[in-house]
Amino acid sequence: MIIDGTRLVVTDNSGAKEVECIKTRGRFASIGDVITCSVKKAIKGKVSQGQVVKAVVVETKKEVQRKDGSVIKFDKNACVLVNQKGLPIGTRVLGFVTHELRARQMMKVLSLAARVF
């Protein structure tokens, strides 16, 4: 569950290392939701510190229950930076990505991920 002010780890190679959520579509965001973020920590890359970007949430500490009854949760909140069209800014996704992104039509993020959970 991601709310305004939550810090997330970026799991792609766009140059950002940590972002802060500044806007969600509803009260909170979960896996697969697109949020607006501000880059807090960055290295040399495609984005710079202080830039406002969109991101897709791929991991949350709050558990998510699947339709088959299984429950998944992660040890960190993580996201992948995307552009206005929903395409990833980076060329690699380094962390886990869940199957819930398939229902949200984030196929490009799924195809770049090394580990689909």
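Above this text sits the structure in question.
These lines cover the structure that appears in this document, whether it is placed above or below. (Residues numbered from 1 in each chain as written. Predicted model: local features only at pLDDT ≥ 70, side-chain atom pairs only at ≥ 80, totals over all residues. Heavy atoms only, no water.)

1. Considering the overall build of the protein
Convention followed: By the criteria applied, helices consist of DSSP H or I runs no shorter than four residues and strands consist of E runs no shorter than two, each listed in order from the N terminus. Only C-alpha atoms enter the radius of gyration, while the globule expectation follows 2.2 Å times N to the 0.38, with N the number of residues.
Along the backbone of the protein there are 2 helices and 9 strands. Counting from the amino terminus, the protein carries its helices and strands in the arrangement β-β-β-β-β-β-β-β-α-α-β. Over its C-alpha trace the protein gives a radius of gyration of 13 Å, about what one expects of a compact globule, namely 13 Å for 117 residues. Across its three principal axes, the protein shows a C-alpha extent of roughly 40 × 30 × 25 Å.

2. Observations concerning the sheet that holds strand E3 (residues 34–42)
The condition is simple: Pairing between two strands requires that DSSP report at least two bridges joining them. Lines fitted to the C-alpha atoms define the axes, with helices restricted to the stretch that makes contact. Angles between their N-to-C directions range from 0 to 180 degrees.
Strand order in the closed barrel formed by 5 strands is E1-E2-E3-E4-E7, with mixed pairing between adjacent strands. Each strand of the sheet is rotated relative to its neighbour by a mean of 55 degrees, with strand direction disregarded. By the bridge criterion, 6 bridges tie strand E2 (residues 16–23) to E3 in an arrangement that is antiparallel. For Glu20, the partnering residue across the bridge sits in E3 and is Ser38.

3. A look at the nonpolar core
Within soluble globular proteins, side chains that are nonpolar tend to cluster in buried spots. Let me state the cut-off plainly: Working definition of a nonpolar core: buried Ala, Val, Leu, Ile, Met, Phe, Trp, Tyr and Cys residues. They are joined through side-chain atoms within 4.5 Å. Buried residues are those whose accessible area, probed at 1.4 Å on protein chains only, stays under 20% of the maximum for their type, while exposed residues exceed 50% and partly exposed ones sit between those limits.
In this structure, Ile2, Leu8, Val19, Ile35 and Leu81 are the most contacted members of the largest nonpolar core, which totals 16 residues. Among the secondary structure elements, those contributing two or more residues to this core are strand E1 (7–10), E2, E3, strand E4 (52–59) and strand E7 (78–82). Val56, Val80, Leu101 and Leu110 belong to the second-largest nonpolar core, a separate cluster that totals 12 residues.

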